[in-house]
There are 6 protein chains.
Amino acid sequence: MTLQRIVLTGALGDLGQHLRAPLAAMCEALVSVDLKDAPELLPNETYARADVADLPEMERLLQGADMVVHFAAIPDERPFEELLRPNFLGAYAVWEAAARQGVRRIVYASSVHAVGMHPTAHCIGLDAPHRPDTFYGLSKCFAEDLARLYWEKRGVEAVCIRIFSGTETPGNARALGTWLSRPDLIRLVQRSIDTPVTGFAVVFGISNNARAPVSNAGATFLGYRPQDDAERWAEEILAAEPPRDPQDPAHSRLGGPFAAVPLGESGVAWIRRLTT
Amino acid sequence: MTLQRIVLTGALGDLGQHLRAPLAAMCEALVSVDLKDAPELLPNETYARADVADLPEMERLLQGADMVVHFAAIPDERPFEELLRPNFLGAYAVWEAAARQGVRRIVYASSVHAVGMHPTAHCIGLDAPHRPDTFYGLSKCFAEDLARLYWEKRGVEAVCIRIFSGTETPGNARALGTWLSRPDLIRLVQRSIDTPVTGFAVVFGISNNARAPVSNAGATFLGYRPQDDAERWAEEILAAEPPRDPQDPAHSRLGGPFAAVPLGESGVAWIRRLTT
Amino acid sequence: MTLQRIVLTGALGDLGQHLRAPLAAMCEALVSVDLKDAPELLPNETYARADVADLPEMERLLQGADMVVHFAAIPDERPFEELLRPNFLGAYAVWEAAARQGVRRIVYASSVHAVGMHPTAHCIGLDAPHRPDTFYGLSKCFAEDLARLYWEKRGVEAVCIRIFSGTETPGNARALGTWLSRPDLIRLVQRSIDTPVTGFAVVFGISNNARAPVSNAGATFLGYRPQDDAERWAEEILAAEPPRDPQDPAHSRLGGPFAAVPLGESGVAWIRRLTT
Amino acid sequence: MTLQRIVLTGALGDLGQHLRAPLAAMCEALVSVDLKDAPELLPNETYARADVADLPEMERLLQGADMVVHFAAIPDERPFEELLRPNFLGAYAVWEAAARQGVRRIVYASSVHAVGMHPTAHCIGLDAPHRPDTFYGLSKCFAEDLARLYWEKRGVEAVCIRIFSGTETPGNARALGTWLSRPDLIRLVQRSIDTPVTGFAVVFGISNNARAPVSNAGATFLGYRPQDDAERWAEEILAAEPPRDPQDPAHSRLGGPFAAVPLGESGVAWIRRLTT
Amino acid sequence: MTLQRIVLTGALGDLGQHLRAPLAAMCEALVSVDLKDAPELLPNETYARADVADLPEMERLLQGADMVVHFAAIPDERPFEELLRPNFLGAYAVWEAAARQGVRRIVYASSVHAVGMHPTAHCIGLDAPHRPDTFYGLSKCFAEDLARLYWEKRGVEAVCIRIFSGTETPGNARALGTWLSRPDLIRLVQRSIDTPVTGFAVVFGISNNARAPVSNAGATFLGYRPQDDAERWAEEILAAEPPRDPQDPAHSRLGGPFAAVPLGESGVAWIRRLTT
Amino acid sequence: MTLQRIVLTGALGDLGQHLRAPLAAMCEALVSVDLKDAPELLPNETYARADVADLPEMERLLQGADMVVHFAAIPDERPFEELLRPNFLGAYAVWEAAARQGVRRIVYASSVHAVGMHPTAHCIGLDAPHRPDTFYGLSKCFAEDLARLYWEKRGVEAVCIRIFSGTETPGNARALGTWLSRPDLIRLVQRSIDTPVTGFAVVFGISNNARAPVSNAGATFLGYRPQDDAERWAEEILAAEPPRDPQDPAHSRLGGPFAAVPLGESGVAWIRRLTT
């Protein structure tokens, strides 16, 4: 099954940019969407500068699409008011446009921060309840519930990938457990697309790390087999790790620094401070 | 412990109006809030005409409040865009204002429709995952997750009461299981207020119906003991009940007609059609 | 909703005979079926002497029926070969005939002996797996699985009532927990019929005994509220109870004597011996 | 079944003294054991001044006993070294003596403090893991595990009653949920004795309080039906209750003040301070 | 431990034929049983043409056997009446003969179709309840319950292998998850035999497929480590896969085509139609 | 993070001796403690001959320690009185001394025998309740509960490693499942130390055996990836294995011979007898 048309939102973002080529290889036409200027394009790629929260625009872009890979969002904690349009209304517009246009499935960049307040030591599975650690995490909870609603009422399939630490390499002790390598991200998105029937599914986006603090046992049917393991960096990273307060949410909760940052303040900035 | 000040939003709504007197009896000053003209007031009641989604206004109204009983919302399915302000942004503004003002606890009118797609025959407990049946239900999922976030990050306690069928009397066969009598609603709100410590809690708002399709076993510490039972109306209602298609969500899912109504269309209108 | 036609199999059996009048009151025409001579009939009752394992006969009898209350079976342990026709093939014929005739629902006399090897002290719920204690119990497991199959593939609803000790009064110490009074049996059958939608459901048939060793929490939507309690007989019965070996299955497993009787031998005879 | 001989340890303690008469009525000879001088005796009661940690002495006292009701212990938090003999070694000696003497069953005064660190709002069941709040609670965990070991290896039955707040009347807001009335304590001990077979069982010792924060659903076979409800005192107690810090273990954990008291310091003294 | 005698039923069937050599290597004498003419035999193999539902015959054949590997059955959906003798009565006769002859263990070819109505996306474990998809699946439910009964009442051990797609190579998209390679089948049967003690066990017969939709975590003690992975065929198979209706049981339930085929009609024929 | 000081108790024991070098490599100063004469020391190792149950001595030894690896204990079943000091009081003294000295974490040699009465075929996870098989196992239950108490009340982290069969090579059929190789033991202790935050954690100490009868899924965050597999010895061991009684606890329970040995008698002697 080669797909006719895949729409990738957030195509120029930190993670989205790595998906353009693999997705282009899975379909006849890739439509990349982002807010920035057009990049150099792949042979079967077109680009649209568009705001995902603009429903008529999204409806137009999704015409004839088989699937949407929805990665557009502010990927950090911010005041609720700032996240409202890109993260919350954007999700609504994408799903509503998809339903109207008969799009089969949405692959969604959810996040560990939807369950970030769970203690790392609990090693939760996919059935753990939402425990957002930030407004950012709350936007992911919202979109997951929205996705389930559109599946049950409108028949739009959804795979919600809860991305953990999607960095080039694991940058700190927490990431020894939570790292998602770029190749594994690509594998997971590919499986989310080529699995014939998914219904509504949630899956953790995490590499095959020895220290992975969660279990994907509830979504094995997707066939995601991560190949990378952050353990390669363990010795070096742990050597530099100072003792940590075991009560500090930044070191004892799944969400890491996001579990400790005040609501509305940038978690990415916190991480930077913590690791420099 | 007599409370100084309780703020009741949606005070003139279908359910809120029944809470004014009981709440007034539990505190020195009740502040009733709604969008309509001021009603005749109780001795220790003041009234504010205000939009709950107006954060500065809410912040002002919540000054000095011990607790907020947040019932303001559109109590029906509507297009997402119509629910956005009153149900979603209203919830955000109430919690944010409460956190800023040091309000201790919010008692929230959540709804069965946050879990309305679960089959009635599953007899779920409080740990069942969100399965909203409408945008309306989605707004309740959003507020519950928001409540948990504010509890974990800001220390605001919350009791989310998932109200089932809050009508005067049970009006149809489904309500034999889902009815929440007015006196039981009042009891449940009272317990949600007088329990010394609640943290974040969710509880089903349902009477002591013989046919109640859910279990409150996960929230017994709240001391809610419903006294009414819809079974009194069973013979009469069932005599008039035609055979039902067991595959029809309106008759096999917790959400009833909301589980069957198209997204964005009034579920209340559907119920009316179904029962007349 | 008054039903047109209910078919009651095993209508002259130990339990079935108590259901004739209550069922006759719930429908316009009751068809009672058993292997014996015709009894004196109720005004709206007809009687058919028939073997439930005779599929063409059952198909004829079920024409126009809304529901079947299937109680016909050998109610005791016997060699497998003896149970094959009445209990196994009888169940198959009833369900197949029902599916062919468009019967809406079957209310089935399943038994505690489908789960009789579970320790009494485990206080299982309705989600405990099958652990039959006899060929008799195995026939009930078979029929429950058959019922689920016909619900999922043919849309025939089913309520499987796992009857515990359906005696006039509780006759021994075990029955202080397992007794099902005749009035409670009738209540449970009534609820299994008047509940508008049941899909496939399993429920324990047990009175409101203080010592009830199981929980019906998974089937509350049926509205079954038992009124009788064997505790009334506790003092008298326990006074006569000799010390029991706590390892003896007859006293430590849900199935009681059936859990101890050799496969194929009458459990009823065992009980008689044990209590005399 | 009238028992020949019951041995009651801690017979002159706060709770034990209320059990003498009811136990005497259940057997031909009651042997009361405590460390104090002999009290006035009931007709069929004998008294032994003995240290339960003295194994030869216990072995002598348990000769011919059917059951032991083991309530002797320091009922408060103390340094580990002080609890070692009465609570830990006492439990060992009682079980070992019972096994040697062929005693059928031990009814044991365990405590909520074996699980006292669980949050009240979790409404745990009997399957929740041990989370002791004190050395005192740890001694109860030890005895429960010991009891299970003697059941599995030596065949001694055990009912471990986790007593909550065994006071005359509920003395504070926590006790509205945790109260165990004297009559209900007696009922529970009676059921623990007259149930023919118990194997190893754990049950919460708590009255029928509206606000009871735990579920006994896992031990219903014992037939314990509490009759008292602390709610009668709710209005009076709650009126005097100041606001509580929801993060304070003394108000948010099952163990109450014991969850907050430093290890080794008297929890009873803490409670007194908290309530005066 | 070399076994004296293993009896293999269905020895000439699609799967059974691959077991003859491996089983012969595990014992001194292999007795192969089937309905067809005798094949060319292995050195320590004997052959019996026999109907497994013939109890006296089975009793004779099982004399002196240590274990039975029971694979004889119609391996497809058929009218109940056609499956009755080979699948239902055959299972009964094998277990009863084994119990009479003191056979230690039966390794049974159960099937995914015993749980075939579970949604693939649920990724069930071994504790999921029976949900047969066909009469064929029902016969496997029956035999599993029978096996448990004979273990608990007669001490006959049983390993029920729920075989998924036991084809030479994975033939369609579903089989990318459900394939059981021949070498893995042999491994699993070997482990089911050489594990010293099994009691009653159920295990999924499935290869180490990346897309395996179930978890064998509940039976790890058997030491089954599958080595093959259908993913090798994924690219080729998925390229040819047309879009699927996510509501179609044939593509969304574990049982695949059997979940969609009408009761009593050949599922194998359906599969053939679906894949050609 | 290089640690300043690790204290290893039981440093000359069967398992402890293998930890000296690896632990010495993880810290600046290793303090080895045992009851025997001093061994030849590593460059950064000091040795103390001391009784772990001697609290003042332990307090002195733990000054300045970051972590304690507590392996000192009688590693076999003995009369309770003999185990009391080394195993029970030793654990208490180590934890109390650690809390007083501000030691960050204790890595504890717990044992499979804390859960040894669970049937092997149940394949339990880390959430299974305590079911000790011996007084030895009871001492491990005691220390695990103690560890949780000190974590919750005093903030001392703990990793309780439930060691299975810590022999040089797997010595019998049971050990094919339960073996913990020396290198894997070292890996697990290393991970228990280098994980930045552990809180209170329990983990099974078992190699990557094909037949491992338990799941470590609840403690994956520790990053323990065993590398050895007892299966290498399977053919040889199983060839010599006689048939086993499936009801014999020595062959059907996790604890193996300890599950069968009379309370207080050496399990190690039993194993020796069973395997010679």
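Keep in mind it's a predicted model, so treat the numbers as computed, not measured.

Peer 1: Can you help me understand the overall build of chain A in this one?
Peer 2: When helices and strands are tallied, chain A shows ten helices and seven strands. Over its C-alpha trace chain A gives a radius of gyration of 18 Å, about what one expects of a compact globule, namely 19 Å for 276 residues. Each principal axis of the C-alpha distribution contributes one length, and for chain A these read about 55 × 40 × 35 Å. In chain A, which comprises 276 residues, the share counted as buried stands at 64%. Of the roughly 9400 Å² that chain A leaves accessible, carbon and sulfur atoms contribute 49%. One finds the centroid of the 27 positive side-chain charges in chain A at a distance of 2 Å from the centroid of its 34 negative side-chain charges.

Peer 1: What exactly am I supposed to notice about the interface of chain B and chain A here?
Peer 2: Accessible area lost during the coming together of the parts is what is often quoted as the interface size. Taken together, the contacts link 33 residues of chain B with 33 residues of chain A. Both faces combined, the contact of chain B with chain A buries some 2600 Å², and carbon together with sulfur accounts for 67% of it. For the chain B face of the interface with chain A, the top three residues by lost area are B:Leu149, B:Lys153 and B:Leu263, together amounting to 23%. Our count for the chain B to chain A interface comes out at two salt bridges. Across the contact surface, chain B and chain A share twelve residue pairs in polar contact (both at pLDDT 80 or more). When contributions to the side of chain B that touches chain A are tallied by element, the ones reaching two or more residues are α3 (80-101), α4 (135-154) and α9 (257-260) of chain B. At twelve residues, α4(B) tops the list of elements feeding residues into the side of chain B that touches chain A. Of the residues belonging to the side of chain B that touches chain A, the class tally is 21 nonpolar, two polar and ten charged.

Peer 1: Help me understand the relation of the copies chain A and chain F, please; the structure alone is not making it clear to me.
Peer 2: The transform that puts chain A on chain F rotates by 120° and translates by 0.0 Å along the axis, for an RMSD of 0.0 Å. Such values leave the two copies arranged in the relation of a three-fold axis. Ranked by how close their C-alpha atoms come to the rotation axis, the residues of chain A are headed by A:Ala217, at 5.7 Å.

Peer 1: Help me out: how do you make sense of the packing of α3(B) against α4(B) in this one?
Peer 2: Helices that pack against each other are described as a pair by the angle of their axes relative to one another and the distance between those axes. Residues and elements named next belong to chain B. The interhelical angle for the contact between α3 and α4, taken along N-to-C directions, is 15°, at an axis separation of 10 Å. As far as their axial angle goes, α4 and α3 are roughly parallel. Regarding α3 and α4, the two cross each other, and that crossing is right-handed. Here Phe 80, Leu 83, Asn 87, Phe 88, Ala 91, Tyr 92, Trp 95, Glu 96, Ala 99 and Arg 100 of α3 lie close against α4, whose contacting residues are Phe 135, Tyr 136, Leu 138, Ser 139, Phe 142, Ala 143, Leu 146, Ala 147, Tyr 150 and Arg 154.

Peer 1: In this structure, what is going on with the interface of chain A and chain F? I would like to understand it.
Peer 2: Between chain A and chain F, the contact holds 25 residues from the first and 18 residues from the second. Between chain A and chain F, the buried area comes to about 1500 Å², and carbon and sulfur atoms account for 55% of it. The three residues of chain A that bury the most area against chain F are A:Cys123, A:Arg211 and A:Pro246, which together make up 33% of that side's buried surface. The interface formed by chain A and chain F holds two salt bridges in total.

Peer 1: Mind showing me how you'd approach the relation of the copies chain B and chain A here?
Peer 2: For the pair chain B and chain A, the relating rotation is 180°, the translation along its axis is 0.0 Å, and the fit reaches an RMSD of 0.0 Å. As the rotation angle and translation indicate, the two copies are arranged about a two-fold axis. Proximity to the rotation axis, assessed at the C-alpha, singles out B:Phe142 in chain B; its C-alpha lies 2.9 Å from the axis. The fraction of interface residues of chain B whose copies in chain A are also interface residues reaches 100%, indicating that both copies meet through the same surface.

Peer 1: Looking at this structure, how should I read the sheet that holds strand β5 (residues 105-111) of chain E?
Peer 2: Sheets are built from strands that pair by backbone hydrogen bonding, the pairs being arranged parallel or antiparallel. Residue and element names in this part refer to chain E. Pairing within the open sheet is parallel, and its seven strands lie in the order β3-β2-β1-β4-β5-β6-β7. Looking at strand neighbours, the two that pair on one side only are β3 (45-49) and β7 (200-205), the edges of this open sheet. For this sheet, the mean inter-axis angle between neighbouring strands, taken without regard to orientation, is 20°. Where helix α4 (residues 135-154) meets the sheet, its contacts fall on β5, β6 (157-163) and β7, and the angle it forms with β5 comes to roughly 155°. Across the sheet, helix α6 (residues 182-194) lies against β1 (3-9), β4 (67-70), β5, β6 and β7, angled at about 165° from β6, the strand it touches most.

Peer 1: Would you mind going over the confidence of the model for chain A with me for this structure?
Peer 2: A low pLDDT score tells you not to read the predicted coordinates there in detail. Of all residues in chain A, 99% attain a pLDDT of 70 or more, and the chain-wide mean is 96. The complex model carries a pTM of 0.97, and its ipTM stands at 0.97.

Peer 1: What should I look at first to understand the sheet that holds strand β1 (residues 3-9) of chain A in this one?
Peer 2: All names here are of chain A. Strand order in the open sheet formed by seven strands is β3-β2-β1-β4-β5-β6-β7, and the pairing between neighbours is parallel. Either end of the sheet is taken by a strand with one partner, and the two such strands are β3 (45-49) and β7 (200-205). On average, each strand axis in the sheet is tilted by 20° relative to the strand beside it, whichever way the strands run. Running at roughly 175° to strand β4 (residues 67-70), helix α3 (residues 80-101) makes contact with β4, β5 (105-111) and β6 (157-163) of the sheet. Helix α4 (residues 135-154) rests against β5, β6 and β7 of the sheet, and its axis sits at about 155° to β5.

Peer 1: Help me out: how do you make sense of the packing of aromatic side chains in this one?
Peer 2: Geometrically, a pair of aromatic rings is defined through the distance of the ring centres and the angle of the planes. Applying the stated rule across the entire model yields 75 aromatic pairs over all chains. Centre to centre, the rings of C:Tyr92 and E:Phe80 are 4.1 Å apart; their planes meet at 25°, and the pair counts as stacked. Of this pair, C:Tyr92 sits in helix α3 (residues 80-101) while E:Phe80 sits in helix α3 (residues 80-101), placing the two residues on different chains. Centre to centre, the rings of D:Phe88 and D:Phe142 are 5.3 Å apart; their planes meet at 50°, and the pair counts as tilted.

Peer 1: Is there a simple way to explain unusual backbone geometry in this structure?
Peer 2: With the exception of glycine, the majority of residues adopt a negative phi angle, and the majority of peptide bonds are in the trans configuration. For C:Cys123, which is not a glycine, the phi torsion comes out positive at approximately 45°. Within the secondary structure layout, C:Cys123 lies in the loop between β5 (105-111) and α4 (135-154).

Peer 1: I would appreciate a short explanation of the environment of E:Gly255 in the present structure.
Peer 2: Residues and elements named next belong to chain E. Relative to the helices and strands, Gly 255 is located in the loop between α8 (249-252) and α9 (257-260). When the C-alpha atoms of Gly 255 and Ala 109 are compared, they prove to be 16 Å apart, with 146 residues separating the residues in sequence. Residues contacting Gly 255, with those up to four places away along its chain left out, are His 113, Gly 116, Asp 133 and Arg 174.

Peer 1: Could you clarify how one ought to interpret α3(E) in this entry?
Peer 2: For an α-helix the count is 3.6 residues per turn, leaving residues at separations of three or four pointing the same way. Residue and element names in this part refer to chain E. Between its first and last C-alpha atoms α3 spans 30 Å; for 22 residues at 1.5 Å apiece the expected length is 32 Å, and the two agree. At Gly 90, α3 shows its maximal kink, close to 35°. Taken across its 22 residues, α3 has 16 buried, putting it largely inside the fold. In the stretch just after α3, Gly 102 is the one whose phi turns positive, near 70°.

Definitions and cut-offs
Residues numbered from 1 in each chain as written. Chains lettered and ligands numbered in written order. Predicted model: local features only at pLDDT ≥ 70, side-chain atom pairs only at ≥ 80, totals over all residues. Heavy atoms only, no water. Helix = DSSP H or I, 4+ residues; strand = E, 2+ residues; numbered from the N terminus. Rg over C-alpha atoms; globule rule 2.2 N^0.38 Å. Buried < 20%, exposed > 50% of the residue type's maximum accessible area, 1.4 Å probe, protein only. Areas by Shrake-Rupley, 256 points an atom, 1.4 Å probe, with all protein chains shown as cover. Lys, Arg positive; Asp, Glu negative; His and termini not counted. Charge placed at Lys NZ, Arg CZ, Asp CG, Glu CD. Contact = heavy atoms within 4.5 Å. Buried area = accessible area lost by both parts, 1.4 Å probe. Salt bridge = Lys/Arg side-chain N within 4 Å of Asp/Glu carboxyl O. Polar contact = N/O pair within 3.5 Å; in protein donor to acceptor, adjacent residues only side chain to side chain. Nonpolar A, V, L, I, M, F, W, Y, C, P; charged D, E, K, R; others polar. Least-squares fit on C-alpha atoms with pLDDT ≥ 70 in both. Axes fitted to C-alpha atoms, helices over the stretch in contact; angles between N-to-C directions. Parallel < 35°, antiparallel > 145°, perpendicular 65-115°, else oblique. Left-handed = near helix turned anticlockwise from the far one by under 90°. Pairing = 2+ DSSP bridges. pLDDT = per-residue confidence, 0-100. Phe/Tyr/Trp six-rings, centres within 6.5 Å; stacked < 30°, edge-to-face > 60°. Expected span 1.5 Å × (residues − 1). Bend = angle between axes of the 7 residues up to and from the residue.

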